[in-house]
Amino acid sequence: MAEQIPLHPVRCPANRKRAAFLSAPGPGSERPRRFLLEDESAHLDEMPLMMCEGGFENEESDYQTLPRARAARRPRGLTRLLCGLWKLLCTNCCDCLVNVCRRKKELKARTVWLGCPEKCEEKHPRNAIKNQKYNIFTFVPGVLYEQFKFFLNLYFLVVSCSQFVPALKIGYLYTYWAPLGFVLAVTIIREAIDECRRFQRDKEVNGQSYTKLTARGRVQVQSSDIQVGDLILVEKNQRIPSDMIFLRTSEKAGSCFIRTDQLDGETDWKLKAAVSCTQRLPAMADLFSIRAYVCAQKPQMDIHSFEGTFTREDSDPPVHESLSIENTLWASAVVASGTVLGVVIYTGQETRSVMNTSHPKNKVGLLDLELNQLTKALFVALVVLSLVMVALQGFVGPWYRSLFRFLLLFSYIIPISLRVNLDMGKAACGWMIMRDQSIPGTVVRTSTIPEELGRLVYLLTDKTGTLTQNEMVFKRLHLGAVSYSTDSMDEVQGHLRQAYAQASAGGGTPPRKAAPSGPRVRRSVGSRVQEAVRAIALCHNVTPVYEARPGLSRDPEQAEADQDLSDQNRSYQASSPDEVALVRWTESVGLTLVSRDLGSMQLRTPGGHILTFCVLQLFPFTSETKRMGIIVRDEATAEITFYVKGADVAMAPIVQYNDWLDEECGNMAREGLRTLVVAKRTLTEEQYQDFESRYTQARLSLHDRALKVAAVVESLEREMELLCLTGVEDQLQADVRPTLELLRNAGIKIWMLTGDKLETATCIAKSSHLVSRTQDTHVFRPVTTRGEAHLELNAFRRKQDCALVISGDSLEVCLRYYEHELVELACQCPAVVCGRCSPTQKAHIAGLLQRTGRRTCAIGDGGNDVSMIQAADCGIGIEGKEGRQASLAADFSIRQFRHIGRLLVVHGRSSYKRSAALGQFVMHRGLVISTMQAVFSSVFYFASVPLYQGFLMVG
């Protein structure tokens, strides 16, 4: 029917007349333009996305379409008024009831004074973690409600209670109460054990001790006693107890690394910078001699952004610093280097980690739901059969008593032993899964849904640690005329050693001026290799870390002096594993990064000489630009160089003309390598001074700061010299490709939901064969408005049999306006890849797929996957590098991703077949016994006398 609905684009004459009429001045007044905009917005609200081929225009600009057939069915007149009033009344009543019951506190922005919790104007929640589902008062009622909300259990309870009435008593009480009591006892004991485990884990986390800095000195406090405004000292390898602003660190550079694998699933270390005003203070105790406060935005779920300000009032003039995500320390992260001091701004339920965690729910298998519906049908048949027997009896005497007795006699149709037999059968299936030697270490934590493993349609998987090992290996270096792979890296090392030996013999390279654009001079292969390796060794955000000698002083300055600076004690940390792989490769060929701080870095040549470079500017990688850059000055030659590296699509327009970049990028991508293009531009001192003045002015702008800064940086990114193309491989987990192929052949659609960058997720999807090489992919363009989302969905609708690649921000916009349409289109795709996906979005996607009536399974290995695992019909956790948080919260726990193939295809299918056969057998036996009871009662003049008694009724 949707194909027959006529569409009327906005460009039609009728719409022109309407627009002209709205914009034309009235007889006495002029219609304001803002009303026109509101009418257009309201008109767009009435234009749902058409989900049929006939519902789209050929041009993307025609996104405003109004189906007249739907508009004609809208109620009008008095009916519409009454419906609107009734809807408004019901909505207001429900909202008032919800507000009274919940009394949810409104979240507001706050001002936090350093070290003064008593100055907080509002009361904030306790910094306690609570994952329990019940308390001591709600445990028994809650468990009983979860059991008797199903018709099957409620029917058994009513039948068992009826045996206390002498006139309705059919058999012995134990024949009815024994099975029901056994099921309830097992359920209560299992829930009690789970609650005790949750309580112990919460008690362990809340009881962790931290150092609190006060005016009188340092005191030890428990994590649950931390308040907003406290100054908390967190040591290395210690969990951050609450959301804090980073004030000071023991590191000389004023920055530190933290691990956020339990927050966003990324095992890469994140670099955080302390507030410069507090970092410059001579000692930590000086924090109590200043009057300073932090203005923080209201608590929200976004873990990738923060806006706030730091103000010091006692200075003249007052010091104001803007705070961003780089100055924050979110709860559940772990300090990886140094000792940090922060001021608490959010606690308890208002922290980012808790707001992105969903509460666990009681999962019920589809088989149990189907049996529950079948029980209702059998109950109707039971009532009909009983009425027939009473009618044949002639409704003589107290016929209603005979009716109830016949209901009890024919209760074999719904055997009370059905639940017991199914639970025992599921427990046996779980025991067989854990005893399987082909998947060692598998643990069944929820024994009530093993048959769900054989009924899955969608598999939602994480990337980092689940499909990949998150270990990058440098594979290829291409210079245009020559290419080097892993087996020819010794040639690169030889060229590099020879080039730096000649430079040392010649007394160094004299400073060069930036030559005007003209014919390029062909250089030797050795000089090109030297330029490429040096660019890779400089253009990054990697920091070498040295461990202090054990057993020495804990004073920061003394610890820094006691560091072992040998190569064996050095490790590299960065926010991206790609950069670490590149720096490790430069070390393997002879050019080593030995030290780095915020203003300089040092490289060691193959001959042992130290090259010092001053870091003038650093432009970090963003999803919009898809590249990062750095401006450095060589201390020996005073040469200023601007290095840039990034994705090929972002670098191709800014580099000089070449005929090999596109072809080689395609070749490496087909090999499953992640490519980066490296380029440079030499600047004169005058050029850099001009750029610095314009860049500083753009950063101080109050309006459109990001756009102005990007414009200034892009002024340098022109006609850059292309140096090289690099290829890095992300190591996949063992047997990922055959496992995904097996699941696809089984009819399971796989969705990758990751918090990593969209480009990285796409590359891994292709290398793991989640998306086949011959399959088309539709990259969903970034959208921010409803109109853009409408256009992009229209473009995606025209694609046939292609994988969808979408970012979390675009997904959020589409779900806000076109939730049903997006889910319908995505479910038709053979695979979906979603990058920059928050934990809450993962759980939301799992819930949306459940509404389609198909069973979903979620698999992950980090704390950020817990919400998705708990929201899916079946959750699988992997014990990996990111801890056991996901495996403990999952229904099933495995050691490796490849084990999921046998778990789903073998054990899931057999569990489903056995549970279904057992349920059919028990119900078939009940029907046979009920038929014999009906024949017996009919022979003896429809008397309500039992044919069988005792344990036969138990089954």
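What you are looking at is a predicted structure, and each value in this text was computed from that prediction instead of being measured.

> Sorry, what's going on with the overall build of the protein chain here?
The helix and strand inventory of the protein chain stands at 30 helices and 33 strands. For the protein chain, the residues scored as buried account for 49% of the 955 residues in total. For the protein chain, restricting intrachain contacts to residue pairs at least 6 apart in sequence, the fraction spanning at least 24 positions comes to 71%. Summed over all atoms, the accessible surface of the protein chain reaches about 46,900 Å², with 55% contributed by carbon and sulfur.

> What's the story with the nonpolar core in this structure? I'm lost.
Generally speaking, a soluble globular protein has its nonpolar side chains buried in company with each other. Counting residues in each nonpolar core, the largest one holds 42 residues, and the members touching the most others are L477, V492, V533, W585, L603 and Y643. Sorting elements by how many residues they give to this core places helix α15 (residues 525–538) first, with seven residues. Among all residues touching W585, those that are not within four sequence positions of it are F474, L477, M489, V492, V533 and I536. Grouped together as the second largest cluster of nonpolar side chains are 39 residues, F780, C834, A872 and A886 included.

> Would you take a moment to explain the pattern of salt bridges for this structure?
Two side chains bearing opposite charge may form a pair once their charged atoms approach each other closely. Overall, the coordinates contain 30 salt bridges when judged by the stated rule. Of the charged contacts in the structure, one is a salt bridge between E587 and R570, with a shortest N-O distance of 2.9 Å. Of this pair, E587 sits in helix α17 (residues 577–589) while R570 sits in strand β19 (residues 570–573), and the two are 17 residues apart along the sequence. Residue class for E587 comes out partly exposed when judged on its relative accessible area of 26%. When its relative accessible area of 10% is taken as the criterion, R570 is described as buried. As a salt-bridge pair, R694 and D690 come within 3.1 Å of each other at their nearest N and O atoms. Separated by four residues within a single helix, R694 and D690 lie in helix α20 (residues 685–699), roughly one turn from each other. Under the relative-accessibility criterion, D690 is labelled partly exposed at 40%. Put simply, D368, K426 and E451 are held in one network by salt bridges that share partners.

> Would you take a moment to explain the sheet that holds strand β28 (residues 777–779) for this structure?
Strand-to-strand pairing in sheets goes through backbone hydrogen bonds, with the strands running parallel or antiparallel. Taking strand neighbours across the sheet as the criterion, the nine strands line up as β14-β33-β32-β31-β15-β27-β30-β29-β28 in an open arrangement whose pairing is mixed. Looking at which strands have only one partner, the edges of the open sheet turn out to be β14 (443–444) and β28. Against the sheet, helix α30 (residues 899–939) contacts β15 (456–461), β31 (855–860), β32 (874–878) and β33 (892–894), and its axis sits at roughly 140° relative to β33.

> Which parts of the structure should I look at to understand the side chain of S242?
For S242, the location among the structural elements is in the loop between β4 (231–234) and β5 (243–249). With residues up to four places along the chain from it excluded, the contact list for S242 reads N127, I226, L329, W330, A331, V344, Y346, T347 and T351.

> Got a minute to help me understand a nonpolar patch on the surface in this structure?
On the surface, V380, V384, V388 and L392 cluster together into a nonpolar patch covering about 340 Å² of accessible area. Turning to its location among the elements, V388 is positioned in helix α11 (residues 366–393).

> What exactly am I supposed to notice about the environment of M651 here?
Summarising the element assignment, M651 is placed in helix α18 (residues 648–651). Residue classification places M651 among the buried residues on the basis of a relative accessible area of 0%.

> Whenever I open this one, a negative patch on the surface confuses me. Can you help?
A cluster of acidic side chains, namely D302, E624, D809 and E812, defines a negative patch on the protein surface. Residue placement: E812 occurs in helix α25 (residues 808–817).

> Looking at this structure, how should I read the pairing of strand β2 (residues 209–214)?
Regular strands place side chains that alternate from one sheet face to the opposite one. Pairing analysis gives six bridges linking β2 to strand β3 (residues 217–222), with the strands arranged antiparallel. Within β3, the position partnered with T211 by the bridge is Q220. If you look at the hairpin formed by β2 and β3, you'll find two residues sitting between the two strands. Note that β2 and β4 share three bridges and pair antiparallel. Among the inter-strand pairings, T211 is bridged to a residue of β4, identified as L233.

Conventions and cut-offs
- Residues numbered from 1 in each chain as written.
- Predicted model: local features only at pLDDT ≥ 70, side-chain atom pairs only at ≥ 80, totals over all residues.
- Heavy atoms only, no water.
- Helix = DSSP H or I, 4+ residues; strand = E, 2+ residues; numbered from the N terminus.
- Buried < 20%, exposed > 50% of the residue type's maximum accessible area, 1.4 Å probe, protein only.
- Contact = heavy atoms within 4.5 Å.
- Areas by Shrake-Rupley, 256 points an atom, 1.4 Å probe, with all protein chains shown as cover.
- Core = buried A, V, L, I, M, F, W, Y, C linked by side-chain atoms within 4.5 Å.
- Salt bridge = Lys/Arg side-chain N within 4 Å of Asp/Glu carboxyl O.
- Pairing = 2+ DSSP bridges.
- Axes fitted to C-alpha atoms, helices over the stretch in contact; angles between N-to-C directions.
- Patch = residues over 30% accessible without salt bridge, like charges linked within 9 Å, V, L, I, M, F, W, Y side chains within 5 Å.
- Lys, Arg positive; Asp, Glu negative; His and termini not counted.
- Charge placed at Lys NZ, Arg CZ, Asp CG, Glu CD.

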